[in-house]
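# Summary of the model geometry
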Amino acid sequence: MSETQKVPEPQNVSRRKFLYYGIGGAIVIVAVGAGAYYLTRSTSTTTGTTGTTIPTSAATNISPTTTASYPAPAEDSIYFDMWPYRPDLVGANVAQYDSEFNDVVNYAVLAGDWTSQIQDKLIAGSKDLDCAYVGTANANTWYNAGWIRGLDDLQVETVAGVDVAYSIDDIKNDLTAPAWDCLLAGSTKKPCYLPYFESAFGNIVTNEKLLEAGGYADTTAKTSTYPKSYEELYAQCQDMQKKGVADSPLLKRWGNESWEMAMVAQIESQARGDPVFDSNGDPSFDVNTPYGDMLKDWQMIYSTKLCPQGVLNMTEGDNITEFETGLHAYSEQHTYDLFTFQDPAQSKVAPNCSIVPPLTTNSPIGYLLVNGFFISNIKESDQRLARKKRFAEFYTYKDSTTGTFYRPKNFMTSTGVGSPYPKVMSDPDVISFVTAHVYRPQDATSMGQLLATAWMPEYLKYSWNSEWVTDQQTILQQCVQGTMTVTDAINAMRTDAQNLKKKYGGNY
Amino acid sequence: MRGLSTQKKKSSSSSFLTDEKFALMLVIPIIVFELVLVAYPLSYSFWLSLNNIMYVHRSITFVGPSNYIAVILDPGFLGYLVTTLRMTFDITVLVILGGLGIALLLNETFKGRTLLRMLVLLPWAVSEYCTAVIWRYLYSENLGFFNSFLLATGIVKENFVILTPQWAPEFLSIAYAWHYTPLIVFFILAGLQTVPEDLYRAARVDGAGAIKRFQKITYPHIRYAIIISLLLASMSAAIVTDSVILLTGGGPGIATSSLTWHIYELTFRDMEVGMGAAYSYILLVIMFILGTSYFQLLFRKRG
């Protein structure tokens, strides 16, 4: 450094002043933080009197209004977590509930790994989780762990001004018998969640245009020659591939969702006559049972590209979008996805998407899926619990103000997502919605038959099933790609099932 | 010496605080911060790794080092480790080479340089979540950009799968490197700004070409920025989780099942918290070895 350059003298700072300023600054930050926290809390949890406008997180056009018939909520909001399906519609329904009952429900869309996120909250006993969507397997695991409430005590009552209008028997009487069975915990045979929708998963939807090109359909006469077994389905696809109708005529549900591949394996193996587990919950599937044949077929499908190989990386949404491209003739989907595929605004298959009716030679295709709505088991006041029950009933059953199936019908006529209540499905508005959206009138009948004949295996209720399903996903993907032999895959899954049963101390 | 004695005199004359006490008070917030946010979780997770925890049964059993032994004996462990090292290598190479190249370009004087510097930063501003979603669509077999482009330009005759079991780790690394490279660009660019322009001029006069100039002038100035970037990039690469979860879900099959992905699966999906913690500690040891090697490299060079 040049000697001519002048270095400025460092200015002395008083240590006392420095510390005072530091401590003062910290106090200001803490005070501002505390103030902001207090203000946020007081605006988000309304304790106002009847007639006040209640803030809500519902991002909808329905603005919350007020009613004079219910007292204002005495405590904080009810927290409802949902998976990302039509949050707009859910928001509108929540806003409707808020306005009718002068309550506050905060709903949140959880993107990503649903199971992990909900488990975190349940383990923490979080007050920020009062109700959420759930599938049968998780509901049983979480119920057996005591994190979610059994609902056998749901009864008509008024608790501190909160009316619970319906009992569990009312709900049971309005449900189909198979749907009611889905709700019952395997361990206690008591209901552990309420039904949010019903679907038969694994139904085979079709692209009639491609079937016509392959010689299996006539779109003018609207007739089709559908396969009557999985073997026939694969043979048709091979034929269409050979004829150049499609590079990959079949879109399997082999995506990277943790439950997906395991579920279609269960559906297909049972349809082929393999019960998979015996009555004790021990694996009965083996290389020499139909499960083994199914895996051999799956390897053939992947290696010959009957199914696009990129399917292994697809999410559920990707898979639906993929079928909408119109590049595939058949795909395994939910019953209600038919309505999405019949929407010309987003699907190139529309208006030529149909659904294969129950097979005749094998067991019916389809896996009864009554996904639902649980209530968390946390320490809270009776009034708060009653509010949760009231909201659960509104969301899964009836609107007690009007006595109608408001939310189930609203969902059905907006999205086609089915309801396990026959009264909803036979509602004239629902029938006209279905009729207006199907490829041919018989498809409505087929859908009804598929829902009526679909079944749910008991092992879905085993505590360890949700973990087994995740493990299966990895093993099955490797098997399909041929990096694991059928024998190794089956042995790995059998061992895994036995280990999990041991780990969980039994089935329930 | 004179200055020091004056300073000493000044500090000892302060009746309020000694140098040591004052220094201690200044670091107290950091010590508290470290204890709360680092030491406590680390100790707690270590304790968890010594227990078998069954959330469903609300049971916790002390099992000592059994979880660590189970990890080592886990037939999948080597696979997870290899995948982690493979992706770490891929990402680090891509990020460092890409970062260096872009930084050298942005260090040149040309029209629109400021705008380009801003644009280069954009992938870093995009969250890892969004990065994974964007690249999932880019890679899609029938709907993706790459397939459509290659098909439209006639380079390929039919759609092909990009995220195959063989190459999924590499393509996942490309997606992550796209997100992470801008940070490294700016580290290296900062280093490049310190190189005196006179040296380049003198080198040109001496007839040194571009490679020689980089070798003799640029590299020595940015060497430490590169080593720090290597450290940061490889540490981040070794713990990539969001991209794996959202882009491939550990698949296809187990192709992208890294250690962090497996830890996530064990801990949050299967609720095997003890095993998850044991795996985490093994990853921590690997990271520690990696980090120490870099620091040794850094200080040995400096020494």
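Let me begin by describing the structure that accompanies this report.

Definitions and limits used
- Residues numbered from 1 in each chain as written.
- Chains lettered and ligands numbered in written order.
- Predicted model: local features only at pLDDT ≥ 70, side-chain atom pairs only at ≥ 80, totals over all residues.
- Heavy atoms only, no water.
- Contact = heavy atoms within 4.5 Å.
- Salt bridge = Lys/Arg side-chain N within 4 Å of Asp/Glu carboxyl O.
- Polar contact = N/O pair within 3.5 Å; in protein donor to acceptor, adjacent residues only side chain to side chain.
- Helix = DSSP H or I, 4+ residues; strand = E, 2+ residues; numbered from the N terminus.
- Nonpolar A, V, L, I, M, F, W, Y, C, P; charged D, E, K, R; others polar.
- Buried < 20%, exposed > 50% of the residue type's maximum accessible area, 1.4 Å probe, protein only.
- Phe/Tyr/Trp six-rings, centres within 6.5 Å; stacked < 30°, edge-to-face > 60°.
- Lys NZ or Arg CZ within 6 Å of the ring centre and 35° of its normal.
- Core = buried A, V, L, I, M, F, W, Y, C linked by side-chain atoms within 4.5 Å.
- Disulfide = S-S within 2.5 Å.

On the chain A side, the residues contacting the 38 residues of chain B number 43 residues. Between Glu272(B) and Lys503(A) there is a salt bridge whose closest N-O contact spans 2.9 Å. For the interface between chain B and chain A, the tally reads 14 residue pairs in polar contact (both at pLDDT 80 or more). Elements with a minimum of two residues in the side of chain B that touches chain A: α1 (2–13), α2 (19–49), α6 (128–139), α11 (242–248) and α12 (259–269) of chain B. Counted by class, the side of chain B that touches chain A contains 20 nonpolar, eight polar and 10 charged residues.

All names here are of chain B. In this fold, valine 273 is placed in helix α13 (residues 273–302). In this structure valine 273 comes out as buried when scored by relative accessible area, which is 10%. Separated by 142 residues in sequence, valine 273 and threonine 131 place their C-alpha atoms 29 Å apart. Ignoring sequence-local partners within four residues, the contact set of valine 273 consists of Leu48, Ile53, Tyr55 and Thr267.

Moving on to the packing of aromatic side chains. Scanning all chains against the criterion turns up 60 aromatic pairs over all chains. When the ring centre of Tyr439(A) is taken as reference, the NZ or CZ atom of Lys222(A) above it lies at 4.7 Å. The ring of Tyr137(B) has Arg136(B) lying over it, and the distance from NZ or CZ to the ring centre is 5.9 Å.

Core analysis: the largest hydrophobic core is formed by 147 residues, its most contacted members being Phe80(A), Trp254(A), Leu295(A), Trp298(A) and Tyr330(A). Per-element accounting of this core gives the leading share, seven residues, to strand β6 (residues 194–207) of chain A. One finds Val120(B), Leu192(B), Ile226(B) and Leu247(B) within the second-largest nonpolar core, a separate group that totals 36 residues.

Where charged atoms of side chains with opposite charge meet at close range, the side chains can pair. Tallied over the entire structure, the rule returns 36 salt bridges over all chains. Here Arg272(A) makes a salt bridge to Glu231(A), at a shortest N to O gap of 3.6 Å. Taken as a pair, Arg272(A) in the loop between α9 (260–271) and α10 (290–303) and Glu231(A) in helix α8 (residues 230–242) lie far apart in primary sequence, 41 residues in all. Judged by relative accessible area, which is 13%, Arg272(A) ranks as buried. Owing to a relative accessible area of 42%, Glu231(A) belongs among the partly exposed residues under this scheme. Linking Asp318(A) and Arg136(B) is a salt bridge whose minimum nitrogen-to-oxygen distance equals 3.1 Å.

On to the side chain of Thr88(B). Residue and element names in this part refer to chain B. Note on placement: threonine 88 falls in helix α4 (residues 77–107). For threonine 88, a relative accessible area of 8% gives the class buried. For threonine 88, the contacting residues outside a window of four places in its chain are Ser234, Ala237 and Ala238.

Turning next to the state of the cysteines. Residues and elements named next belong to chain A. Taken as a whole, this structure holds zero disulfides over all chains when the rule is applied. Considering cysteine sulfurs only, cysteine 182 is the nearest to cysteine 192, which forms no disulfide, with 11 Å between them. Judged by relative accessible area, cysteine 192 falls into the buried class, the value being 0%. There is no disulfide at cysteine 353, and the cysteine sulfur nearest it, in cysteine 237, is 14 Å away.

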